Amino acid sequence: YQMLSYKHGYHAGNQADVLKHICLIQAYKSLKRHHKSISYIDTHAGSGDYNFKSDYMSKNKEYENGISKLESYKYENQSIKFYLKVLRNINNSKKMTFYPGSPSIISHLSDSSDKLLFYELHNNEVQLLRKHLAKQINSKIYNKDGFEFFLQKINPKEKTLVLIDPSYEIKDDFEKVVKTLKILDEEYENVTAMIWYPVLNIENNDLFIENIRKLGSNRITRIELPLKKYNEEIGMKGSGIILFNGSNFLINNMKDCVKELFQIFKDENCNIKPKIQRI
């Protein structure tokens, strides 16, 4: 049960989190432009907040190459500016002492007409999440495998946003993602889903994208932010988001934003450009 040893704290606030959370905020905003209330499902919710001084975050300090590089952001991209504003509001100060996870970000943005469902398999993380969200009246927390989120009844009339963010420590997480997309495409008109994925191995990454392409859906967009040279070495080269049913508004916002994040985060010998493409 490798997955249960996984702690998001080691990676909190890194470039992948920045990309994921900017996209999440924009996805929520784009749905709320047209819908008074939405349902939100977080399949791998984590504990909610991550303190920069905690053992986990101090170990690899991945945030130094992530959120820390954005804190003094001076440019004009509205999606990045709004994301930083949200983080500071959650921290209640200009200087951040903790990095909020997706449950904290969505709880902060949502209003009482929205319904929030959080899944987390890891017992300790669930306890921390319950503590962090104790004041939230519109949320439910399940100590279950989030890949089974559609076993809870999803109201087909209600607009639903799903964030799928597994650790990928278990090989078949990639397969589960493809299966989930297939179910969404066949059965759910009203769901917008965001699936985060790491780029670890170029061959596997190509295969993963190819398997998604084979589903033959016309509702899938791939957003990929490379950071390092795509080569045979082991380690994370970048990350991406598979967007299911994303609005044009959301996709266009992310286009500009990803170009800018690429300039801020990329390694000098990165040999590949960011991608935003229909699959």
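> Which residues make up the pairing of strand β7 (residues 191-199), and what are the values?
Within β7, nine of the nine residues are buried, leaving the element largely enclosed by the surrounding structure. A two-sided burial pattern is seen for β7, the buried positions comprising Val191, Ala193, Ile195, Tyr197 and Val199 on one face and Thr192, Met194, Trp196 and Pro198 on the other. Two strands pair when backbone bridges link them, and strand β6 (residues 160-164) and β7 are joined in this way by five bridges, in the parallel orientation. Residue valine 162 lies in a different strand from β7, and its bridge partner there is alanine 193. With respect to chirality, the unit in which β6 leads through helix α7 (residues 173-187) into the neighbouring parallel β7 is right-handed. In terms of strand pairing, β7 meets strand β9 (residues 238-244) through seven bridges, oriented antiparallel. Bridged to isoleucine 195 within β9 is isoleucine 242.

> Quick one: what's the story with the packing of aromatic side chains, residue by residue and with numbers?
Per the stated rule, a full pass over the model turns up ten aromatic pairs. Taken together, a centroid distance of 4.8 Å and an interplanar angle of 65° make the contact between phenylalanine 52 and tyrosine 63 edge-to-face. Note that phenylalanine 52 is positioned in the loop between β2 (49-51) and α2 (55-60) and tyrosine 63 in the loop between α2 and α3 (67-70), a separation of eleven residues in sequence. Overall, phenylalanine 52 belongs to the buried group, its relative accessible area being 12%. Ring pairs connect the aromatic residues Tyr168, Phe174, Trp196, Tyr197 and Phe208, which therefore count as one cluster. Geometry around tryptophan 196 places lysine 20 over its ring, the cationic atom sitting 5.3 Å from the centre. For the cation-ring pair, arginine 33 lies above phenylalanine 249, with the distance from its terminal atom to the ring centre recorded as 3.8 Å.

> Give me the pattern of salt bridges: which residues, what numbers.
Per the counting criterion, the structure on display carries ten salt bridges. Lysine 20 is the salt-bridge partner of aspartate 17, the closest N and O atoms lying 2.8 Å from each other. You can see aspartate 17 and its partner lysine 20 sitting in helix α1 (residues 15-32), three residues apart, about one turn around the helix. Both residues of the pair, aspartate 17 and lysine 20, count as buried. A cluster of three or more residues bridged by salt bridges with shared partners is formed by Asp17, Lys20 and Asp165.

> Explain the pairing of strand β8 (residues 220-226) residue by residue, including any values.
Of all seven residues that make up β8, seven are buried, and the element is covered over most of its length. Neither face of β8 is exposed, since Ile220, Arg222, Glu224 and Pro226 on one face and Thr221, Ile223 and Leu225 on the opposite face are all buried. As paired elements, β8 and β9 share seven bridges and run antiparallel to each other. Bridge pairing in β9 places isoleucine 223 opposite isoleucine 241. Strand direction decides the pairing type here: β8 and strand β10 (residues 275-278), joined by four bridges, are antiparallel. If you follow isoleucine 223 over to β10, its bridge partner there is isoleucine 276.

> Report on the packing of α1 against helix α4 (residues 78-91), specifying residues and quantitative values.
Where α1 meets α4, the closest approach of the two axes is 10 Å, and the angle between their N-to-C directions is 95°. Accordingly, the angle class assigned to the pair α1 and α4 is roughly perpendicular. Seen from α1, the contacting residues are Val18, His21, Ile22, Ile25, Gln26 and Lys29; seen from α4, they are Ser79, Ile80, Phe82, Tyr83 and Val86. Of the residues that constitute the contact of α1 with α4, the class distribution is seven nonpolar, three polar and one charged.

What counts, and at which threshold
Residues numbered from 1 in each chain as written. Predicted model: local features only at pLDDT ≥ 70, side-chain atom pairs only at ≥ 80, totals over all residues. Heavy atoms only, no water. Buried < 20%, exposed > 50% of the residue type's maximum accessible area, 1.4 Å probe, protein only. Helix = DSSP H or I, 4+ residues; strand = E, 2+ residues; numbered from the N terminus. Pairing = 2+ DSSP bridges. Right-handed = clockwise from strand over helix to strand, strands pointing away. Phe/Tyr/Trp six-rings, centres within 6.5 Å; stacked < 30°, edge-to-face > 60°. Lys NZ or Arg CZ within 6 Å of the ring centre and 35° of its normal. Salt bridge = Lys/Arg side-chain N within 4 Å of Asp/Glu carboxyl O. Axes fitted to C-alpha atoms, helices over the stretch in contact; angles between N-to-C directions. Parallel < 35°, antiparallel > 145°, perpendicular 65-115°, else oblique. Contact = heavy atoms within 4.5 Å. Nonpolar A, V, L, I, M, F, W, Y, C, P; charged D, E, K, R; others polar.

In short, the description is geometric, and any link to function would need to be established separately.
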